[in-house]
Amino acid sequence: MLRLVFFFLMLQCLNGTLNAQALGISGLYNLQTESMGVGARLELRSDKRLQWVPQFSYFLPFNKVHEWTLGMSVQYGVVRVNKFNAYGLAHLGYNQWLNYQDSKMKGAQPQNWNGELGAGVQYGKSFKPFLEWRYNVHFQEAHLQAGILFRVKKGSAKKEKCAAYD
Amino acid sequence: MKKASLFLATLSGLILVWSSCSRDRIEQDLNEYESPNTYLDSKKQDEQVFVIDSAGTGPIIGNQGTAIWGGIDCLRLPNGDTIDYPFVVKLVELYLPKDMIYYQMPTVGSGAVLETAGEIRLRAEKDGTPLALAEPCAFKVSMPNADPHINYMNVYYGNESVSPVDWRLDLGYWGINAMQSSIFDVDTIGYTAMIEKLGWINADRNFYSGTTHAITFDSDVDDLSNVAIFVYLPATHSLIQAHDLVASGIPSGVNAKIIAIAVNGSGNLFHYYDELTIIANQTVQVTMSSISDTNLTSLLDQL
């Protein structure tokens, strides 16, 4: 729980100090569990090479795996040409596996910390479709994520000091 | 170009980890089985049929030694009418754990595991219509036993409206006013009693009132949903059948023999066997293995 509080504190700080944001929605498909989900994300520092992306995903109840994950990605733009951005990403998320009891997997438990590595591409400025491939190191599963980001804020570049760093 | 190369290298690395992808969370390719009921039914004791066409002194004797004394005057049709000759008496005898397993007849009454000296099913019919005993009539039954104890076993009746049959002492459940002793006496055959209701009869004793434990059955390799699982307590000849993969009400400290039976889609027989001392709730990991009918029969004979 403390880690979640810290996560939201960080989010608050980032929100106050960074200059451009985009809101996104996405659809997800886990290639190993054959499960479909929906996701939402906030892309901070949207116009920078290094981006912070708090996000939430939910794999729906009709799937073989029913779960949600709340986490944060760090994205680094490797190839940025005009409106095109190809990036690598790392993600850490708190996961609630809601139907873990249905699984025959040894050591299955409802609460997990998932680390993910992946890569993605996006194109656009105000509306940015994106596609990601991500690998979950914990469960050794890959999923695809496709969605669209809407630019919602072009703030000032003025740096504000975060109270958390005082 | 350098960045593009870096991106491609990263992508290649990520594709490499694809080979370590796992479907463990949803993997369901457990060994599947079909219901073993057909197999168990093929092995169970036959119901013996005796056609009674005239008066006599009796008794009717089953092929395992059960003796029955009863008269036509005690038998009634469902509408209360008396009958005349001939009529039929049917008898099933379950004295061995093997036979109780084949018949899937555990010795549990109202959740309590019972000690048993054997189970019989005694029925009567007239032209295919089930008959009942008229009150206050009773049939005398003697059940073979090499070492019977006086004032030890009780007459339990089987409630067939639930599955598996639940054993009850109280005849009032069926609206019958008990007139006879509910305790088995001892005779030269074994245990003897006057029974006041036809159907399943069990020489039982509720032998334990302390802490009980449950065994939960699980498997990483076998789908146990169609596996018949029994727990046999040799000290009291008690039989428990797992329901929803749980066998409960097991007295603390007893030695238990676990036998699981399954048949796969090709008709091949599988089993699991283990012996445990039950001192706490526990989970048993089951791994079914192939066995011949001969070997399984031999295993059940040795319970």
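Keep in mind that what you see is a predicted model, and the values were worked out from it rather than measured.

Reading the values: rules and limits
- Residues numbered from 1 in each chain as written.
- Chains lettered and ligands numbered in written order.
- Predicted model: local features only at pLDDT ≥ 70, side-chain atom pairs only at ≥ 80, totals over all residues.
- Heavy atoms only, no water.
- Helix = DSSP H or I, 4+ residues; strand = E, 2+ residues; numbered from the N terminus.
- Buried < 20%, exposed > 50% of the residue type's maximum accessible area, 1.4 Å probe, protein only.
- Areas by Shrake-Rupley, 256 points an atom, 1.4 Å probe, with all protein chains shown as cover.
- Contact = heavy atoms within 4.5 Å.
- Buried area = accessible area lost by both parts, 1.4 Å probe.
- Salt bridge = Lys/Arg side-chain N within 4 Å of Asp/Glu carboxyl O.
- Patch = residues over 30% accessible without salt bridge, like charges linked within 9 Å, V, L, I, M, F, W, Y side chains within 5 Å.
- Lys, Arg positive; Asp, Glu negative; His and termini not counted.
- Charge placed at Lys NZ, Arg CZ, Asp CG, Glu CD.
- 1 Å grid on protein atoms, 1.4 Å probe; cavity = no way out; pocket = protein on both sides within 12 Å on 5 of 7 lines; lining within 4 Å.
- Points joined across faces, edges and corners; volume = space filled by probe spheres on them.
- Nonpolar A, V, L, I, M, F, W, Y, C, P; charged D, E, K, R; others polar.
- Pairing = 2+ DSSP bridges.

**Student:** Any details on the overall build of chain A? Residues and values, ideally.
**Tutor:** Counting its regular elements, chain A contains 1 helix and 8 strands. When the helices and strands of chain A are listed from N to C terminus, the series reads α-β-β-β-β-β-β-β-β. Within the span of chain A, comprising 166 residues, buried residues form 49% of the whole. In the form shown here, chain A has an accessible surface area of approximately 8,500 Å², with 63% of it arising from carbon and sulfur atoms.

**Student:** Explain the interface of chain A and chain B to me, and be specific about the residues and the numbers.
**Tutor:** Taken together, the 29 residues of chain A in the interface contact 22 residues of chain B. For the chain A and chain B pair, buried surface summed over both sides reaches about 2,200 Å², with 62% attributable to carbon and sulfur atoms. Summed over the three residues of chain A that lose the most area to chain B, namely Gln32, Val78 and Lys104 of chain A, the buried surface amounts to 29% of that side. Here chain A and chain B share 3 salt bridges between them. In this structure, the salt-bridge partner of arginine 23 of chain B is glutamate 34 of chain A, at a minimum N-O distance of 3.0 Å.

**Student:** Report on a positive patch on the surface, specifying residues and quantitative values.
**Tutor:** All names here are of chain A. Residues Lys48, Arg80, Lys83 and Lys125 make up a contiguous surface patch of positive charge. Within the secondary structure, lysine 125 is located in the loop between β6 (111-123) and β7 (127-136). What makes lysine 125 exposed here is its relative accessible area of 52%.

**Student:** Give me the lowdown on the layout of surface pockets, citing residues and values where you can.
**Tutor:** Over the atoms, a rolling probe the size of a water molecule traces out where space has been left empty. Residues and elements named next belong to chain B. Taken as a whole, the largest pocket holds about 420 Å³ of empty space. The wall of the largest pocket is formed by 19 residues, among which Gln104, Val227, Gln241, Ala242 and His243 lie closest to the centre. When the residues that make up the lining of the largest pocket are grouped by side-chain class, the tally is 10 nonpolar, 8 polar and 1 charged.

**Student:** Go over empty space enclosed by the protein, please, and point to the residues and values.
**Tutor:** All names here are of chain A. By the definition in use, this model includes 1 cavity of 30 Å³ or more. Taken as a whole, the largest cavity spans an internal volume of roughly 190 Å³. Around the largest cavity, the lining is made up of 20 residues, and of these Ser57, Phe59, Thr69, Glu116 and His143 lie nearest the centre. Counting only elements with at least two residues in the lining of the largest cavity, the list comes to β1 (20-30), β3 (50-59), β4 (67-81), β5 (84-97), β6, β7 and β8 (141-154). For the lining of the largest cavity, the per-class residue count stands at 5 nonpolar, 10 polar and 5 charged.

**Student:** Can you lay out the pattern of salt bridges for me, pointing to particular residues and giving the numbers?
**Tutor:** Within the structure shown, the criterion is met by 17 salt bridges over all chains. The salt bridge partner of lysine 98 of chain B is aspartate 301 of chain B, with a shortest N-O separation of 2.8 Å. Of this pair, lysine 98 of chain B sits in helix α3 (residues 97-102) while aspartate 301 of chain B is found in helix α4 (residues 293-301), placing the two residues 203 residues apart along the sequence. The class of lysine 98 of chain B is buried, set by a relative accessible area of 15%. Each of Arg41, Glu116, Glu132 and Arg134 of chain A takes part in one network of salt bridges that share partners.

**Student:** Let's hear about the sheet that holds strand β22 (residues 269-277) of chain B: which residues, and what values?
**Tutor:** Residue and element names in this part refer to chain B. Pairing in this open sheet of 5 strands is antiparallel, and the strands run β19-β18-β21-β22-β24 from one edge to the other. Looking at strand neighbours, the two that pair on one side only are β19 (238-241) and β24 (289-290), the edges of this open sheet. As judged from the 4 bridges shared by strand β18 (residues 228-233) and β19, these two strands associate in the antiparallel manner. Note on β19: the bridge partner recorded for phenylalanine 230 is glutamine 241.

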